[in-house]
Amino acid sequence: MLRLPDHWVWDSWPVRTDDGETHLFFLRASRALLDPERRHRRASVGHARSRDLTEWELLPDALVAADEPSFDDGSIWTGSVVRGDDGLWRLFYTGASRREDWLIQRVGVATSEDLISWHRQEGPVLEADARWYERLDLDVWHDEAWRDPWVFKGDDGLWHMLLTARVPDGDPLGRGVIGHATSTDLVAWEAQPPLSAPAGWGQLEVPQTVVVDGQPFLIFCCGPDHQDSRRNVQATGGMWFAPGESLLGPWDFDAAGTFDHPSLYAARLVERQPGEWFLVGFSGDVDGVFEGLITDPLPIERVGRSLRLARS
């Protein structure tokens, strides 16, 4: 478990190193704010590492909000870490600015040689493209969703970025899609059409795509207030999975399901050992109190084209 006595911890993203360590980057904000709803405008990126996903060594913070004026001078939100062909680590993250009242999200990047000291690149590398994606419209949604970049190298040799995004038409509670962008070098990015069509969620947050025992899955989260009635009736928590044909889809959302855990959110699948999969995420509201901690790893098993928490 990763619980900080003076900070709430929520969304996190892991990266495995060659020596078998898992580095976990996570959003954090001071508990001195008293109201956990205020944490989003005070978010910075913490850092810890572990060999067993249970005991964590706290490391120096990775990123804080930039100086004004900048696209990320308000808060730093969820992202992912990858190592490029040049050996350099890159942390792709969501940035929000004060002058836009934290309403518009863009993707930024910071680089590191050792995963400890990070140097941000000036300016965003990617923003929502109005040809395919909803821009800020407060009459239908509370923000401009373009966040949670998940970056990986595909079999086609391109780098792919999956994002929490929305399309500009349809029922506001069902416009959520998986946004997509590509790059040849992790430096220049080009927005692409979404990888999914609207399927009943207002937002598919913190996406991850992973192959479990030969079966590709999309992992994402969405709370009950941000999904339409057909999804609400089947949800047993906020963590979702959908089987697919590849890491880039298409995904069978008719076969989507949830992990049976009432407070887990923004969790990632982590392979601790070959074939040994765990969910690592944060615990939110428990009996009306926001816990704000990373839970102990939850073992996962695949059953056909479905995933579930492993039975003890």
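Above this text you will find the structure in question.
Given the structure is predicted, the values throughout are model-derived calculations rather than measurements.

Reading the values: the criteria
Residues numbered from 1 in each chain as written. Predicted model: local features only at pLDDT ≥ 70, side-chain atom pairs only at ≥ 80, totals over all residues. Heavy atoms only, no water. Pairing = 2+ DSSP bridges. Helix = DSSP H or I, 4+ residues; strand = E, 2+ residues; numbered from the N terminus. Polar contact = N/O pair within 3.5 Å; in protein donor to acceptor, adjacent residues only side chain to side chain. Contact = heavy atoms within 4.5 Å. Salt bridge = Lys/Arg side-chain N within 4 Å of Asp/Glu carboxyl O. Buried < 20%, exposed > 50% of the residue type's maximum accessible area, 1.4 Å probe, protein only. Core = buried A, V, L, I, M, F, W, Y, C linked by side-chain atoms within 4.5 Å. Phe/Tyr/Trp six-rings, centres within 6.5 Å; stacked < 30°, edge-to-face > 60°. Lys NZ or Arg CZ within 6 Å of the ring centre and 35° of its normal.

A.B. asks: Tell me about the sheet that holds strand β13 (residues 205-212), and name the residues and values.
C.D. replies: Strands sit in the order β13-β14-β15-β16 across an open sheet of four strands; the sheet is antiparallel. Unpaired on one side and paired on the other, β13 and β16 (257-258) mark the two borders of the sheet. Sheet analysis places strand β15 (residues 239-243) next to β16, joined by two bridges and oriented antiparallel. From the neighbouring strand, W240 faces β16, where its bridge partner is T258.

A.B. asks: Describe the side chain of Q203, naming the residues involved and giving the relevant values.
C.D. replies: Locating Q203 in the fold gives a position in the loop between β12 (190-192) and β13. Of note is the side chain of Q203, whose polar atom sits 2.6 Å from the side chain of R147. Contact partners of Q203, with chain neighbours within four places excluded, come to W141, H142, R147, T164, G176, C221, C222 and H226.

A.B. asks: Let's hear about the pattern of salt bridges: which residues, and what values?
C.D. replies: With the rule as written, the count across this model stands at 20 salt bridges. Linking R147 and D143 is a salt bridge whose minimum nitrogen-to-oxygen distance equals 3.9 Å. On the basis of relative accessible area, D143 is assigned to the buried category, the value being 9%. Its salt-bridge partner being E276, residue R272 comes within 3.3 Å of it at the nearest N-O pair. Overall, E276 belongs to the partly exposed group, its relative accessible area being 28%. Because the salt bridges share partners, they merge into one network encompassing E100, R106, E127, R135 and E144.

A.B. asks: Got a sec to walk through the pairing of strand β10 (residues 159-166)? Specific residues and values, please.
C.D. replies: Along β10, eight of the eight residues are buried, which leaves the element largely enclosed by surrounding structure. Of the strand pairs in this sheet, strand β9 (residues 146-153) and β10 are connected by six bridges, and their pairing is antiparallel. Across the sheet, F152 pairs through a bridge with H160, a residue of β10. Linking β9 to β10, which pair antiparallel, is a turn of five residues; within it G157 sits at a positive phi near 85 degrees. Where β10 meets strand β11 (residues 176-183), eight bridges bridge the pair, whose relative direction is antiparallel. Each bridged residue has a counterpart across the sheet, and for W159 the counterpart in β11 is S183.

A.B. asks: Which residues make up the pairing of strand β14 (residues 215-221), and what are the values?
C.D. replies: The buried fraction of β14 is high, at seven of seven residues. Here β14 shows a buried face lined by Q215, F217, I219 and C221 and a second buried face lined by P216, L218 and F220. Of the strand pairs in this sheet, β13 and β14 are connected by six bridges, and their pairing is antiparallel. By the bridge assignment for β14, V212 is matched with Q215. Where β13 folds back onto β14 in an antiparallel hairpin, the turn is made up of two residues, including D213, whose phi is positive at roughly 50 degrees.

A.B. asks: Requested: an account of the nonpolar core, with residues and values cited.
C.D. replies: Taken as a class, soluble globular proteins show a tendency for nonpolar side chains to be buried jointly. Core analysis: the largest hydrophobic core is formed by 57 residues, its most contacted members being F25, V81, L91, W118, L269 and L307. Here this core gets six residues from one element, more than from any other, and that element is strand β17 (residues 264-273). Setting aside chain neighbours within four positions, we find L307 in contact with V212, F217, I219, F241, F259, L269, I300, E301 and R302. Within the second largest apolar cluster, 20 residues are counted, among which are V109, Y133, M161 and V177.

A.B. asks: Outline the packing of aromatic side chains, listing residues and values.
C.D. replies: The final tally for this structure, using the stated rule, is 14 aromatic pairs. Measuring from ring centre to ring centre gives 6.2 Å for F217 and F241, while their planes differ by 80 degrees; the resulting arrangement is edge-to-face. Of this pair, F217 sits in strand β14 while F241 sits in strand β15, placing them 24 residues apart in sequence. The same class applies to F217 and to F241, which are both buried. In this arrangement the basic side chain of R39 is found over the ring face of W10, its NZ or CZ atom lying 4.9 Å from the centre. For the cation-ring pair, R166 lies above W141, with the distance from its terminal atom to the ring centre recorded as 3.8 Å.

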